[in-house]
Amino acid sequence: MLTALVLAAVCLPVFAVDGAVQSLASIRQVAASFAQESAQGTLKGDARVRPGRLDSRLRLAPCEAPLEAFRPRGGRALGNITVGVRCPGPKLWTIYVPVNISMPGKVLVATQYIPRGEHLRAEHVRLEQRDLATLMTGYFSAVESAVGKRLKRPL
């Protein structure tokens, strides 16, 4: 029982006790900046980064060192992601901030059903605005790059 209490005390976040608290806006700003840099390295274009809300009741001790942002293990780079923000000391704490990264861009979409084996023609496709962060890799962004391709599966 004593071991469980000690473990619980070690694992709990550091809460401010003297009235001073870390600004939630500063935590969100660090997360947004990190996500923006991460997105620019992944896709070319103007990423739109929207950090999520943090619980206004959160009272973390002020960090005396600059806040550090990181991508949790196994985390995604685009779309709905999580960015970790931590205080390196002397009062250690870590919080995870939800962030949405969208990247608008034009991609080709089919205008009709096209059977397998057909060669793609310009009238088969059109450009539409989509969120590139939600798409799998392997999309075309120019009609010229797709016209003449033979389909391996129906589209």
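Each remark here, short or long, concerns the structure printed above.
Figured I'd write up the structure that's included with this text.

Each value, and the rule that gives it
Residues numbered from 1 in each chain as written. Predicted model: local features only at pLDDT ≥ 70, side-chain atom pairs only at ≥ 80, totals over all residues. Heavy atoms only, no water. Pairing = 2+ DSSP bridges. Helix = DSSP H or I, 4+ residues; strand = E, 2+ residues; numbered from the N terminus. Axes fitted to C-alpha atoms, helices over the stretch in contact; angles between N-to-C directions. Core = buried A, V, L, I, M, F, W, Y, C linked by side-chain atoms within 4.5 Å. Buried < 20%, exposed > 50% of the residue type's maximum accessible area, 1.4 Å probe, protein only. Phe/Tyr/Trp six-rings, centres within 6.5 Å; stacked < 30°, edge-to-face > 60°. Lys NZ or Arg CZ within 6 Å of the ring centre and 35° of its normal. Contact = heavy atoms within 4.5 Å. Salt bridge = Lys/Arg side-chain N within 4 Å of Asp/Glu carboxyl O.

## Considering the pairing of strand E4 (residues 93–102)
Then step 1. Relative to E4, strand E1 (residues 48–51) is paired through four bridges, and the arrangement is antiparallel. Bridge pairing links Val 49 to Ile 101 in E4.
Then step 2. Where strand E3 (residues 79–87) meets E4, nine bridges bridge the pair, whose relative direction is antiparallel. By the bridge assignment for E4, Thr 82 is matched with Pro 98.

## Details of the sheet that holds E3
Then step 1. Sheet architecture is open: four strands sit in the order E1-E4-E3-E2, paired in antiparallel fashion. Only two strands of the sheet have a single partner each, and these edge strands are E1 and strand E2 (68–70). Along the sheet, successive strands turn relative to each other by an average axial angle of 35°, direction set aside.

## Describing the nonpolar core
The nonpolar side chains of a soluble globular protein tend to be buried, and buried together.
Then step 1. Of all hydrophobic cores here, the largest spans 27 residues; its most connected members are Ile 27, Val 85, Trp 93, Ile 95, Val 99 and Ile 101.
Then step 2. Contributing elements (two or more residues each) for this core: helix H2 (24–42), E3 and E4.
Then step 3. The biggest single contributor to this core is H2, with six residues.
Then step 4. Ile 114, Leu 120, Val 125 and Ala 146 belong to the second largest nonpolar core, which has six residues in total.

## With respect to the packing of aromatic side chains
Then step 1. Taken as a whole and judged by the stated rule, the model has one aromatic pair.
Then step 2. Stacked on the ring of Phe 70, the Lys or Arg Arg 86 has its end atom at 4.1 Å from the ring centre.

## Topic: the side chain of Gln 22
Then step 1. Position of Gln 22 relative to the elements: it lies in the loop between helix H1 (2–11) and H2.
Then step 2. Overall, the relative accessible area of 12% leaves Gln 22 in the buried class.
Then step 3. With residues near it in sequence (within four places) discarded, Gln 22 still touches Ile 27, Leu 60, Ala 61, Pro 62, Cys 63, Leu 67 and Trp 93.

## Details of the pattern of salt bridges
Then step 1. For the structure shown, the criterion picks out six salt bridges.
Then step 2. With its nearest N and O atoms 2.6 Å apart, the salt bridge here joins Asp 55 to Arg 57.
Then step 3. Under the relative-accessibility criterion, Arg 57 is labelled exposed at 66%.
Then step 4. Here Arg 86 makes a salt bridge to Glu 68, at a shortest N to O gap of 3.2 Å. Of this pair, Arg 86 sits in strand E3 while Glu 68 sits in strand E2; the two residues are 18 residues apart in sequence, bridging distant segments of the chain.
Then step 5. Assessed through its relative accessible area of 31%, Arg 86 is described here as partly exposed.
Then step 6. Taken together, the salt bridges that share partners define one network made up of Glu 118, Arg 121 and Glu 123.

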